[in-house]
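# Examining the three-dimensional arrangement
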Amino acid sequence: MVAFASSLDQAGVLALTAEDAALLSTAMAGFDPRDSTCADAPVPDYAASLGSSAATSLAGRRIGIPKQFFDAGLEPESAAAVREALRVFEQLGATLVELSLPSLALSVPTYYIVAPAECSSNLSRFDGVRFGYRHPDATTLDELYSRSRGTGFGAEVKRRILTGTYVLSAGYYDAYYLKAQQCRRLIADDFRRCFADVDLIAGPTTPTPAFRLGEKIDDPVQMYLNDIYTIPVNLAGLPGISVPCGYPGGLPIGLQLIGPHFGEQALFSFAHAFQQETDWHTRMPPS
Amino acid sequence: MSWEVVIGLEIHAQLATRSKIFSGSSTAYGAEPNTQANLVDLGYPGVLPVLNTEAVRMAAMFGLAIGATVAPRSVFARKNYFYPDLPKGYQISQYELPIVHDGQLVIDLDDGTTRSIHVIRAHLEEDAGKSLHEQFAGLTGIDLNRAGTPLLVIVSAPDLRSAREAVAYMKKVHQLVRYLGICDGNMQEGSFRCDANVSVRRTGAEQLGTRTESKTLNSVRVMERHPV
């Protein structure tokens, strides 16, 4: 895994079904003595209990629904698809509990301090000396750096490196990076409070259905805002899973399930139960 | 009107561990260039550092030897700069929470008196590689054997008042790290080197003057003769 934003980087699985994701995650997860950022915790066989009917019954389980996930930013057709998906869980015996994540609005600005800061440091090795593109016409060391990086990186990467270098620079660190770390703690505390009362949290994965490749490339803020429901999960260090739950307008919308720390088993169980009852995961967007 | 010189020293002591601070590569001096640098030292994208516990133990020993506080929790940070002998683009060091802080070292002066010098902090840091400007006409060679070598950076307060005191302090630290067995003290090989921060002020003034920093003084003779 190439380091991008080290405090957020996490390997994940893209699979056709929740069961496949459980199988692969079981194989991937676990302690690595050469990675001092990973936890030395036992890894259950996530897929082992998925097939049984007992696991499919969600009787007595509580699912938290953050009201901020359904505010004005969520497109009505996406909201309808997600609410329909939540009814499936109710039919399986789960109870829906409305809850609040008051610091949610901080998550996009917090992320766009933390991620660019860490990326500006991690991507500095792509300087044309050992790694990355090397400009053939550079005549001095400064030119080697500036022309290699100026040509080799795309617009979004450069935007993040510039932002990140700025927020880490002397005199701005406390105002930006340190403040963002404090906001990050507030966001994590919101989730921690909620998990005292519920097994899982559910909501949309994004506020709009998928957009076409390259469609929003000139509107970075719009692209950033599309991550509003997934970024807080990443900032809080929690596991999440997204499963398709509708195709409004032909492109997919995702249902997101969020678990407490080391709560992956419940994510796979709930997502698998949903896919036993629905067939969204077998459909394809029109080509 | 008289003036006095004010000196603070930052000593870089290479810790005598067998392997590097964040990788299993050997730290032995004098090998063929680039034969003691593995994927971690070369900064490959995707590799992660694993801290050498022996380096931590040695730093803690130094802290205990100068009566300092050995921090139960210390934090590594990145010092970002671009240089060809720094493949990651940053050096891993300690900034806000060093492993050792606030110790004292008593130095012996020529006239038989002693002075107590405050050691503000001692932190762990990885060394950079070496740029070789002489061997290749018009080109610079890069040797990454030294990249990732553990350093203990020992920072004194601006307590020293003459080149002689600075030399006495440096000798005392040198003797101590050799006695503890945490550094071989070999100045020719760069295992023990020093940056000097020097300023002058009116005798008796409380405020410090504007300092100059002299990097990498690697012998006691250089330090004694260094103009102030």
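Residues numbered from 1 in each chain as written. Chains lettered and ligands numbered in written order. Predicted model: local features only at pLDDT ≥ 70, side-chain atom pairs only at ≥ 80, totals over all residues.

Across the contact, 16 residues belong to chain B and 15 residues belong to chain A. In terms of residue class, the side of chain B that touches chain A is built from 10 nonpolar, four polar and two charged. (Contact = placed C-beta atoms within 7 Å. Nonpolar A, V, L, I, M, F, W, Y, C, P; charged D, E, K, R; others polar.)

Time to look at the environment of G30 of chain B. Residues and elements named next belong to chain B. Mapped onto the fold, G30 is located in the loop between β1 (3–14) and α1 (53–65). Assessed through the 6 C-beta atoms surrounding it within 10 Å, G30 is described here as exposed. Each C-alpha atom, one on G30 and one on R146, is 9.9 Å from the other, the two residues being 116 residues apart in sequence. (Helix = DSSP H or I, 4+ residues; strand = E, 2+ residues; numbered from the N terminus. Buried ≥ 20, exposed ≤ 12 C-beta atoms within 10 Å, placed from the backbone.)

A separate point is helix α7 (residues 174–195) of chain A. Compared with an ideal rise of 1.5 Å per residue, which puts 22 residues at 32 Å, α7 of chain A spans 31 Å between its outermost C-alpha atoms and is within 8% of the ideal. Where α7 of chain A is concerned, the buried positions are Y176, A180, R184, I187, D190 and F191 of chain A. (Expected span 1.5 Å × (residues − 1).)

Bringing the sheet that holds strand β1 (residues 62–66) of chain A into the picture now. Residue and element names in this part refer to chain A. Here we have five strands laid out as an open sheet, ordered β2-β1-β3-β5-β4, and mixed in their pairing. In this open sheet, the two strands that pair with only one neighbour each are β2 (95–99) and β4 (240–246). The mean angle between the axes of side-by-side strands here comes to 30 degrees, regardless of whether they run parallel or antiparallel. Relative to strand β5 (residues 253–258), strand β3 (residues 200–204) runs antiparallel, the two being bridged by four bridges. Bridged to I201 within β5 is I258. (Pairing = 2+ DSSP bridges. Axes fitted to C-alpha atoms, helices over the stretch in contact; angles between N-to-C directions.)

Attention now moves to the packing of helix α1 (residues 18–28) of chain A against helix α10 (residues 264–277) of chain A. All names here are of chain A. Interaxial distance between α1 and α10 falls to 8 Å at its minimum, and their mutual angle equals 155 degrees. Classified by the interaxial angle, the pair formed by α1 and α10 is roughly antiparallel. On α10, the residues touching A18, E19, A21, A22 and S25 of α1 are E264, F268, A271, H272 and Q275. Tallied by class, residues from the contact of α1 with α10 come to five nonpolar, three polar and two charged. (Parallel < 35°, antiparallel > 145°, perpendicular 65-115°, else oblique.)

This paragraph deals with the pairing of β3 of chain A. Residues and elements named next belong to chain A. Counting buried residues along β3, five of its five residues qualify, which places the element largely inside the surrounding structure. Sheet topology note: the β1/β3 ladder contains two bridges and is parallel. Within the sheet, the bridge partner assigned to I63 lies in β3 and is L200.

What follows deals with the nonpolar core. In terms of nonpolar packing, the biggest core is built from 59 residues, with L200, L257, F268, F270 and A271 of chain A touching the most fellow members. Other than its neighbours up to four places away in sequence, F268 of chain A contacts A18, A21, A22, Y46 and L50 of chain A. Core analysis: the next-biggest nonpolar cluster, separate from the first, contains 39 residues, L160, A196, V198 and L217 of chain B among them. (Core = buried A, V, L, I, M, F, W, Y, C linked by C-beta atoms within 7 Å.)

It is worth spelling out the packing of helix α4 (residues 107–122) of chain A against α7 of chain A at this point. Residue and element names in this part refer to chain A. The geometry of α4 relative to α7 is characterised by a closest axis approach of 9 Å and an angle of 130 degrees between their N-to-C directions. Classified by the angle between their axes, α4 and α7 sit oblique to one another. The handedness of the crossing between α4 and α7 is left-handed. Each of S107, T110, I113, V114 and A117 in α4 lies in contact with α7, whose residues at this interface are Y176, Y177, A180, C183, R184 and I187. When grouped by side-chain class, the residues that make up the contact of α4 with α7 number eight nonpolar, two polar and one charged. (Left-handed = near helix turned anticlockwise from the far one by under 90°.)

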